[in-house]
Amino acid sequence: MKDTERLANLFHKIYGEMPSQVSALPGAGSARKYFRLQSCEDKCIGVAADSRVDAEAFISLASTLSHNGVRVPKVIGIDSGDCRFYLQDDLGTESLFDLLPKDGRKPSEEVVKLIEEAMKSLAHLHRIPSGEWEDDLRYGAFDSRQIQWDLNYYKYEFLRPLAIDFDENALEDDFSRLIRDIDALQLPGDEFMYRDFQSRNIMIKDGEPWMIDFQGARKGPGLYDVVSFLWQAKARFPEEFRREMLEVYLNVMDSETLDGRRPIGEEGKEKRRSGYWLFALLRTLQTLGAYGLRGLIEKKAHFIESIPLGIENLQTLLEYGVLDRYPELKSTAERVMEDIRFRPSEDLFDGLTVKVFSFSYKKGYPADYSGNGGGFMFDCRGMHNPGRYPEYKSLTGMDSPVIEFLESRGEVGPFVDRAIEIMKPTVERYIQRGFRSLQIGFGCTGGQHRSVYCAEVCARILKEKFPQIQVILCHREQGVTRIL
């Protein structure tokens, strides 16, 4: 039975009629599927979870958190045959993320109030005694082992796919040092750690923030959640604003309430202020690891688009000296900063950016980090290869002897002309429609002679024909990149 059929039958069981409309909602990082089901009178969200464990955690926690005054969706019905299928309240279509400016400016006064309320709600969540919710959890406590996993996420899913060079022993030493520094903070490890508290997981209903997607919760330091929210890459909160919201959170944590926990006091507030930068570093590295897995490896556009913004956070950490105690980790960050593939050229240039690559087919197609996909790839291997002759082996398609060899045979001129003829209408249409990115590649056996020559000529002609565009020329196998 299809997921939609199963959820529609559950809807019928709850409301007494079949839904008149079932609409799939956009997915995120997991394989979990969401649908909006509605009839003339009723509507709800149907969930097809990819994990029984996650489904059980969400269902159980939704009840407990609601009982403790946390705004979360109510679970309306559960499939009796498989708890992975359930219905929950429809909180609407507007998330807090939808309301944020995306250019790094401070949010509007109205949105600031919503953010403050979200931080206060998070503090309230962190003050609920663990005895209330620990039986609902399905994941182990956040400890040194999990920190190590997050750091390895950065190493294996981000640095490795990018072929960033590093000394693995030295990097592991830095990881160990960072873990010790976090342990030395002696933050409470028995708070409700949401694990992925960020503005996409906060829905706005009736002018109030509601929390969703908390199935991955575990025991741990609540400061991790604070930083996860404030350092969300696409939120791009200014640093001064982050500090202001940290204080909003700390003031609630230190307030006199009847929620079962003592105020944290000035000492507790100072511990969290001291740990702010370490957790910002940890979360940034974990996030880049997630972007690497979902974007670089699984090729999901949303995550590829987020990589430059994650790197922007890494740049902030570098500027504030947070990585100075971790020399090899700092070195990897600096190498990432130097990688032109993630420089926000499309953002800085108000127009179309065309990236022209030369590459070796032995090493695969150039990755498209714009998130757009598509573009043009031309195979230069049908032309005579200068690399077969000893006198050209150490040269490239940028050197005069190779250029003279290719042009004298009469093959390369018509090849590039036809390639330009194919590309030209697309470039014109992209300019007209205000598109920001187009990728073009020329490949040959080694990415040294024929493809390099063709990419050079193509980039130059495109810039001459369309002076209003930005052209980035990248000879991948030669390690050469230029902006025309």
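That block above? That's the structure.
Residues numbered from 1 in each chain as written. Predicted model: local features only at pLDDT ≥ 70, side-chain atom pairs only at ≥ 80, totals over all residues. Heavy atoms only, no water.

Engineer: I'm lost on the side chain of Asn 68 in this one. Help?
Structural biologist: Mapping Asn 68 onto the fold places it in the loop between α2 (52–67) and β4 (75–78). Filtering out sequence-adjacent residues up to four positions away, Asn 68 remains in contact with His 124, Ile 128 and Glu 132. (Helix = DSSP H or I, 4+ residues; strand = E, 2+ residues; numbered from the N terminus. Contact = heavy atoms within 4.5 Å.)

Engineer: Looking at this structure, I do not really get the packing of helix α5 (residues 168–184) against helix α8 (residues 265–297). What am I missing?
Structural biologist: Here α5 crosses α8 at 135°, and the two axes come no closer than 10 Å. With respect to α8, the element α5 is oriented oblique. Between α5 and α8 lies a crossing of left-handed hand. Packed against α5, whose contacting residues are Leu 178, Asp 181 and Ile 182, the element α8 presents Leu 278, Phe 279, Leu 281 and Leu 282 at the interface. (Axes fitted to C-alpha atoms, helices over the stretch in contact; angles between N-to-C directions. Parallel < 35°, antiparallel > 145°, perpendicular 65-115°, else oblique. Left-handed = near helix turned anticlockwise from the far one by under 90°.)

Engineer: So what exactly am I meant to see when it comes to the pairing of strand β12 (residues 437–444) here?
Structural biologist: The side chains of a regular strand alternate, residue by residue, between the two faces of the sheet. Counted residue by residue, β12 has 8 buried out of 8 residues, so it is predominantly covered. The alternating pattern of β12 places Ser 437, Gln 439, Gly 441 and Gly 443 on one face and Leu 438, Ile 440, Phe 442 and Cys 444 on the opposite face, and all of these are buried. Direction of pairing for strand β10 (residues 353–360) relative to β12: parallel, over a ladder of 8 bridges. Looking at the pairing, Lys 355 lines up with Gln 439 of β12. Of the pairings in the sheet, the one linking strand β11 (residues 376–379) to β12 comprises 4 bridges and is parallel in character. Bridge pairing in β12 places Met 377 opposite Gly 441. (Buried < 20%, exposed > 50% of the residue type's maximum accessible area, 1.4 Å probe, protein only. Pairing = 2+ DSSP bridges.)

Engineer: Explanation requested: the sheet that holds β12 in the structure shown.
Structural biologist: The strands that make up a sheet are held in pairs by hydrogen bonds between backbone atoms, and each pair lies either parallel or antiparallel. The 5 strands lie next to each other as β11-β12-β10-β13-β14, forming an open sheet whose pairing is mixed. Each having just a single partner strand, β11 and β14 (480–483) make up the two edges of the open sheet. Between one strand axis and the next, the sheet turns through 15° on average, direction left out of account. Across the face of the sheet, helix α14 (residues 450–465) comes into contact with β10, β12, β13 (470–475) and β14 while running at roughly 170° to β10.

Engineer: Looking at this structure, I do not really get α14. What am I missing?
Structural biologist: The end-to-end C-alpha distance of α14 is 22 Å, a good match for the 22 Å that 16 residues give at a rise of 1.5 Å each. Across the 16 residues of α14, 12 count as buried, placing the element largely inside the fold. Along α14, the positions that sit buried rather than exposed are Arg 450, Ser 451, Val 452, Tyr 453, Cys 454, Ala 455, Glu 456, Val 457, Cys 458, Ala 459, Ile 461 and Leu 462. The secondary structure elements touched by the buried residues of α14 are β10, α12 (400–408), α13 (412–433), β12, β13 and β14. (Expected span 1.5 Å × (residues − 1).)

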